[in-house]
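Now for the letters of each chain:
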Amino acid sequence: MNKPFVWDALVRLTHWIVAALFLANYFILPKGSEPHQWAGYIVIVAVIIRLIWGVITHSPARLSRFKPSPRKAIEHLKEVKATHQDHHLGHNPAGAIMIWLMWALLLATGITGWGTEWSVFHHAHWLKETHETLASITMTAVAIHVAALIVMSKVTHRSYIRSMWIQKKSTQ
């Protein structure tokens, strides 16, 4: 039996840090509070660490292994619809588009939030509005991401979510 794919520890760690802190900032922490700010800073750092890891690793987490391509994503989705299979290790072409989009949105959200604290932008309401809009767009992308994982898991009978959980290595 083939061992299911599992992301490496750094990918899983940065993923869950970003997921937990983004959701805490969006739903729980008071907007503009010090904990909200620190959570945002940590999200920025975690995404940057993940991107650096994607440049230096030789695993499926390597950024060059999943360059976003709308044409390849459409072809992939047609293939999955026809075959009910996905043989990609790591991100498939549709997932590649989503992860690059989420990284860009997370960084833009974090940077605009950080910018609202700079004295030069202290009265720039447009920046606060941009930050809030980006956070809402990011939340929409997160919802689509989770829905896509659930749908793909049902269609392909492969647990995409399990690949992000800590798992014991098989002794066989």
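Rules used throughout
- Residues numbered from 1 in each chain as written.
- Predicted model: local features only at pLDDT ≥ 70, side-chain atom pairs only at ≥ 80, totals over all residues.
- Heavy atoms only, no water.
- Core = buried A, V, L, I, M, F, W, Y, C linked by side-chain atoms within 4.5 Å.
- Buried < 20%, exposed > 50% of the residue type's maximum accessible area, 1.4 Å probe, protein only.
- Helix = DSSP H or I, 4+ residues; strand = E, 2+ residues; numbered from the N terminus.
- Expected span 1.5 Å × (residues − 1).
- Contact = heavy atoms within 4.5 Å.
- Salt bridge = Lys/Arg side-chain N within 4 Å of Asp/Glu carboxyl O.
- Phe/Tyr/Trp six-rings, centres within 6.5 Å; stacked < 30°, edge-to-face > 60°.
- UniProt positions renumbered as here; feature names shortened; annotations may be inferred.
- Axes fitted to C-alpha atoms, helices over the stretch in contact; angles between N-to-C directions.
- Parallel < 35°, antiparallel > 145°, perpendicular 65-115°, else oblique.
- Left-handed = near helix turned anticlockwise from the far one by under 90°.
- Nonpolar A, V, L, I, M, F, W, Y, C, P; charged D, E, K, R; others polar.

Per an unreviewed UniProt entry, the chain is named Cytochrome B, and its organism is Vibrio eleionomae.

Engineer: Let's hear about the nonpolar core: which residues, and what values?
Structural biologist: Among the nonpolar cores identified, the biggest contains 20 residues, and Val18, Val47, Phe66, Met102, Trp103 and Leu106 are the most heavily contacted of them. Those elements that provide at least two residues to this core are α1 (9-27), α2 (34-56), α4 (93-115) and α5 (125-156). When residues of this core are assigned to their parent elements, the largest contribution, eight residues, is made by α4.

Engineer: How would you sum up α2? Please name residues and give values.
Structural biologist: Taking 1.5 Å per residue, 23 residues should reach 33 Å; α2 reaches 33 Å between its end C-alpha atoms and fits that length. What α2 keeps buried is the set His36, Gln37, Ala39, Gly40, Val43, Ile44, Ala46, Val47, Arg50 and Gly54. Tucked inside the fold, the buried residues of α2 contact α1, α4 and α5.

Engineer: Help me get a handle on the pattern of salt bridges, residues and values and all.
Structural biologist: A full pass over the atoms with the stated rule returns two salt bridges. With a shortest N-O distance of 2.9 Å, Arg71 and Glu75 are connected by a salt bridge. Taken as a pair, Arg71 and Glu75 lie in helix α3 (residues 70-83) at a separation of four residues, close to a single helical turn. When the shortest N-O distance is used, the salt bridge between Arg158 and Asp86 registers 3.6 Å. Here Arg158 is found in the segment after α5, whereas its partner Asp86 is found in the loop between α3 and α4, with 72 residues between them in sequence. Owing to a relative accessible area of 8%, Asp86 belongs among the buried residues under this scheme.

Engineer: So what's going on with the packing of aromatic side chains? Which residues, and what values?
Structural biologist: For the structure shown, the criterion picks out 11 aromatic pairs. Note on Trp16 and Trp165: the rings are 4.9 Å apart at their centroids and 20° apart in plane angle, and the pair reads as stacked. Taken as a pair, Trp16 in helix α1 and Trp165 in the segment after α5 lie far apart in primary sequence, 149 residues in all. Judged by its relative accessible area of 34%, Trp16 is partly exposed. Members of the aromatic cluster, each reached through a chain of ring pairs, are Trp114, Trp118, Phe121 and Trp126.

Engineer: Lay out the UniProt feature "transmembrane region" (unreviewed entry) in the chain with the relevant residues and their values.
Structural biologist: In the numbering used here, UniProt assigns the "transmembrane region" (unreviewed entry) feature to residues 9-29, 41-61, 94-114 and 134-152. Taken as a whole, residues 9-29 contains 90% helix and 0% strand, while its terminal C-alpha atoms sit 27 Å from one another. The span residues 94-114 shows a helical share of 100% and a strand share of 0%, and its end C-alpha atoms are spaced 30 Å apart.

Engineer: Describe unusual backbone geometry, naming the residues involved and giving the relevant values.
Structural biologist: We note that His84 has phi near 60°; this positive angle belongs to a residue other than glycine. Mapped onto the elements, His84 comes out in the loop between α3 and α4. Using a relative accessible area of 43% as the deciding quantity, one classes His84 as partly exposed. Non-glycine residue His157 carries a positive phi angle of around 60°. Topologically, His157 is positioned in the segment after α5.

Engineer: Let's hear about the packing of α4 against α5: which residues, and what values?
Structural biologist: Running from N to C, α4 and α5 cross one another at 155°; their axes reach a closest spacing of 9 Å. Classified by the angle between their axes, α4 and α5 sit roughly antiparallel to one another. For the pair α4 and α5, the crossing hand works out as left-handed. Along the contact surface, α4 presents Met98, Leu101, Met102, Leu105, Leu106, Ala108, Thr109, Thr112, Gly113 and Gly115, while α5 presents Leu127, Thr130, His131, Leu134, Ala135, Ile137, Thr138, Ala141, Val142, Ile144 and His145. Among the residues making up the contact of α4 with α5, the classes are represented as 13 nonpolar, eight polar and no charged.

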